[in-house]
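Each chain is listed here by its residues.
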Amino acid sequence: MSSIEINSVLVENRLFKPSATFTAKARLKAEDLEALYKRAEEDYEGFWGDLAKQHIDWHSPFTTILDDSLAPHYKWFTDGTMNVSYNCIDRHLENKSEKTAIIFEGETGDTRHISYQQLHDDVCQFANVLKAKGINKGDRIVIYMPMVPEAVIAMQACARIGAIHSVVFGGFSAESLRDRINDAQAVMVITADGGTRGGKIVELKKETDKALSKGCASIKNVIVLKRSGQDITMQDGRDSWWSDTIEGQDKTCEPEWVNAEDPLFLLYTSGSTGKPKGIQHASAGYLLNAVITNLWVFDLQDNDIFWCTADVGWITGHTYVAYGPLAAGSTIVMYEGAPVVPDAGRFWQMCEQHKVTVFYTAPTAIRALMKFGDDYPNRYDLSSIRLLGTVGEPINPEAWMWYHTVIGKERCPIVDTWWQTETGAHVLTPVPGVTATKPGSCTLPLPGMAADIVNEDGKSITEANTGGYLVITKPWPSMVRTVWGDDERYVDTYFPKFDGKYYLAGDSARRDDDGYFWIMGRIDDVLNVSGHRLGTMEIESALVANEAVIEAAVVGRPHDLKGESIVAFVICKGDRPVGDDAEKMVASLRNWVGEQIGAIAKPDDIRFADGLPKTRSGKIMRRLLRTIAAGEEITSDTSTLENEAVVEQLQGKV
Ligand code: WT7
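Let me begin by describing the structure that accompanies this report. Values in this document were obtained by computation on a predicted structure and should not be read as measured data.

Conventions we followed
Residues numbered from 1 in each chain as written. Predicted model: local features only at pLDDT ≥ 70, side-chain atom pairs only at ≥ 80, totals over all residues. Heavy atoms only, no water. Pairing = 2+ DSSP bridges. Helix = DSSP H or I, 4+ residues; strand = E, 2+ residues; numbered from the N terminus. Contact = heavy atoms within 4.5 Å. Axes fitted to C-alpha atoms, helices over the stretch in contact; angles between N-to-C directions. Near = heavy atom within 4 Å. Polar contact = N/O pair within 3.5 Å; in protein donor to acceptor, adjacent residues only side chain to side chain. Areas by Shrake-Rupley, 256 points an atom, 1.4 Å probe, with all protein chains shown as cover. Domains from an automatic or database assignment. 1 Å grid on protein atoms, 1.4 Å probe; cavity = no way out; pocket = protein on both sides within 12 Å on 5 of 7 lines; lining within 4 Å. Points joined across faces, edges and corners; volume = space filled by probe spheres on them. Nonpolar A, V, L, I, M, F, W, Y, C, P; charged D, E, K, R; others polar. Buried < 20%, exposed > 50% of the residue type's maximum accessible area, 1.4 Å probe, protein only. Right-handed = clockwise from strand over helix to strand, strands pointing away.

Quick look at the sheet that holds strand β8 (residues 140-144)
No. 1: With mixed pairing, eight strands are arranged side by side in an open sheet as β14-β13-β10-β8-β9-β16-β17-β25. Of all the strands in the sheet, the pair left with one neighbour each is β14 (239-241) and β25 (482-483).
No. 2: Sheet topology places β8 next to strand β9 (residues 164-167); four bridges connect them, and they run parallel. The residue of β9 that forms the bridge with valine 142 is serine 166.
No. 3: Packed onto the sheet, helix α11 (residues 283-296) meets β16 (263-269) and β17 (277-282) and runs at close to 85° relative to β17.

Written out as structure tokens, the structure reads:
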């Protein structure tokens, strides 16, 4: 038997040791890792200070390592100056200017190889465009682009001149784009005519126009990359084509030497309120954790070809596509398109073709591809792959085993990496070549990452298989600095308990007998749909903004492929829609949420009733709604409900 049930949680006891072949060539050996833990334990600041000297090229060195005088607003390496783009590009030019930095492939198969020298020239040219358009250090620029090299070039160009980018995932709607522009008071949007996904055009410029048609007064310029080639409208005086703007621009651009703490970027993410928050990251601290995790966890070495399938619209696409691997001098693969075009073998075909050595994706993608069977991966030569990774949600042991056997051929370690937009980089993860893994566990904290599981009083839970709050008890360089424009929300969200001393991740977790961490779920009203975070309140606000809706409650339901799917309970104005009317209303509300937030937020199931189940004090009974959504039997007593009759309506019985 491979797993046993304890307190109704599955305890996995299969242990996978890294192969001797992998370990022999790995960057970190057991003794190196041991030494790192020891150093972090003995001299926490010295540990980070050494790493910062070793892995970042400073323009002027720092003398302060950690400044906690304004805790929990921590500052790292404050008096040092540096530039992130310089660290990702220029410092490699002496020895590897001709090395490929980016291998790009479009959905229809067009490919491009971009060397570090070329990347330098393109980034500098575009940085000069930004300057010519009047962009100054500290200005916010929204990037709303497909997964093409120019997205990385735009991000790096912002970094080069000290502008703060906010990448908005291309799947978000005009409304979401507008909210993010306004919240950050961005002065420019960088977009494309359109992107391609699943054979369809993603109308980025059209959505941008829609966003800018109302409000968004802060936007002065829109730069448009020609990608899909479809007809779009360009507004005189505001919009210009990328290709026109770079015409005649210099291919060198002296980096802006920014302060270590100057913001590098904002990335909006969902929380437990209706409004996504702008997670603000600093320059040097972020870069440091990005580099070391690419070296330690992905073991990136000179000949590696690293493919992280995440879109640059998410944090994973920042740390493990646009910044970290480049800072480590590696070669990355970027793919614009769907994993199932032309068929479910696309990822594996690309791994073969580009000789990918390190492959990093989400459990939802693994499950989706696993469903198509072993024939697709078996058609391709996957022998170049030496290391696999997952991120975004707990991976179920079945998918882990498939990844391990069918993709990794039992040869490749799997790093299940737990982290968040706010942590900037990996926190809990195996170190390949050293840590033995268990299917479904993100194993242990990295050196310097003081992750713990505590009870309500902030006391560490040492008892095995007992759940508690996942916290990080010491500040670390790549931690979120604040919520853009809202210091109070930063403190309230991440330091609401434990005397404001511990960073509260928002996840619950337990440790097994070996001290391995197992993530159990969120403690707030945040759903994890296909590895993406969505706030239930955010979807509820979108629903009630529809004129037909009076009240709405959104909960998650376990889903085989997506992890969780979205179920909405809706009260409409007038009579409860039934039959055809209900069907029409479902379609219209799904569409509406797609417009308000983006396709990823469309509820999978919408049910109507005359009211929501509430306690006599008027609280929506969310736990009951989750039971109903899951189709499970209701065991709790519903007779105390204010309106018991609605339960049967929501169950679809009447
Ligand atoms: C939340 C963060 C970090 C990049 C992707 C998502 C969940 C993330 C794992 C994992 C179990 C995971 C957590 C976390 N999560 N990685 N390996 N095992 N859960 O970033 O949108 O900031 O979401 O994703 O719940 O809090 P994000």
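Quick notes on the site of the ligand
No. 1: Around the ligand, a shell composed of 17 residues is seen, among which Asp416, Thr417, Thr421, Asp507 and Arg533 lie nearest.
No. 2: One nitrogen or oxygen atom from the main chain of glycine 392 is found 3.1 Å from a nitrogen atom belonging to the ligand.
No. 3: In this structure, an oxygen atom belonging to the ligand sits 2.5 Å away from a side-chain N or O atom of threonine 421.
No. 4: In isolation the ligand exposes 560 Å². Once the protein is present, 94% of that is buried.
No. 5: Secondary structure elements with two or more residues in the shell around the ligand: α12 (315-327), β22 (414-417) and β27 (517-522).
No. 6: Split by domain, the shell around the ligand shows at least three residues from each of two domains, domain 1 (4-505) and domain 2 (521-650).

A closer look at empty space enclosed by the protein
Where empty space is left in the structure can be found by rolling a water-sized probe over the atoms.
No. 1: Within the structure shown, the criterion is met by one cavity of 30 Å³ or more.
No. 2: Approximately 50 Å³ is the volume attributed to the largest cavity.
No. 3: Along its surface, the largest cavity is lined by Asn83, Val84, Ala159, Gly162, Ala163, Val258, Pro263, Leu264 and Ser283.
No. 4: Its residues assigned to classes, the lining of the largest cavity shows six nonpolar, three polar and no charged.

Brief notes about the sheet that holds strand β24 (residues 468-472)
No. 1: Spatial ordering of the open sheet is given by β23-β24-β26-β27, a layout of four strands whose pairing is antiparallel. For this open sheet the edge positions go to β23 (451-454) and β27, each flanked by a neighbour on one side alone. The sheet shows a mean angle of 45° between the axes of neighbouring strands, taken without regard to direction.
No. 2: Examined bridge by bridge, β24 and strand β26 (residues 503-511) share four bridges and lie antiparallel to one another. Residue pairing across strands places tyrosine 469 opposite serine 508, the latter belonging to β26.

Notes on the pairing of strand β18 (residues 305-308)
No. 1: The two faces of β18 match: Ile305 and Trp307 on one face and Phe306 and Cys308 on the other face are all buried.
No. 2: As paired strands, β18 and strand β19 (residues 331-336) are joined by two bridges and run parallel to one another. Counterpart to phenylalanine 306 in the pairing with β19 is isoleucine 332.
No. 3: Where the polypeptide runs from β18 across α12 and back to β19, its parallel neighbour, the crossover connection is right-handed.
No. 4: Note: β18 against strand β20 (residues 358-361), three bridges, orientation parallel. Bridge assignment links cysteine 308 to a residue of β20, and that residue is tyrosine 360.

Notes on the side chain of aspartate 507
No. 1: Mapping aspartate 507 onto the fold places it in strand β26.
No. 2: By relative accessible area, which is 7% here, aspartate 507 ends up buried.
No. 3: A distance of 3.2 Å separates a polar atom in the side chain of aspartate 507 from a polar atom in the side chain of arginine 522.
No. 4: With near-sequence residues (within four places) excluded, aspartate 507 lies in contact with Trp418, Gln420, Gly468, Tyr469, Leu470, Ile519, Gly521, Arg522 and Ile523.

Section: the environment of leucine 444
No. 1: Inspection of the secondary structure puts leucine 444 in the loop between β22 and β23.
No. 2: By relative accessible area, which is 26% here, leucine 444 ends up partly exposed.
No. 3: A C-alpha to C-alpha distance of 9.6 Å links leucine 444 and threonine 417, two positions 27 residues apart in sequence.

A short note on the pairing of strand β7 (residues 111-115)
No. 1: Alignment of strand β6 (residues 100-106) against β7, held across five bridges, turns out to be antiparallel. Paired with isoleucine 103 across the bridge in β7 is histidine 113.
No. 2: What sits between the antiparallel neighbours β6 and β7 is a turn of four residues, in which glycine 109 has the positive phi angle 105°.

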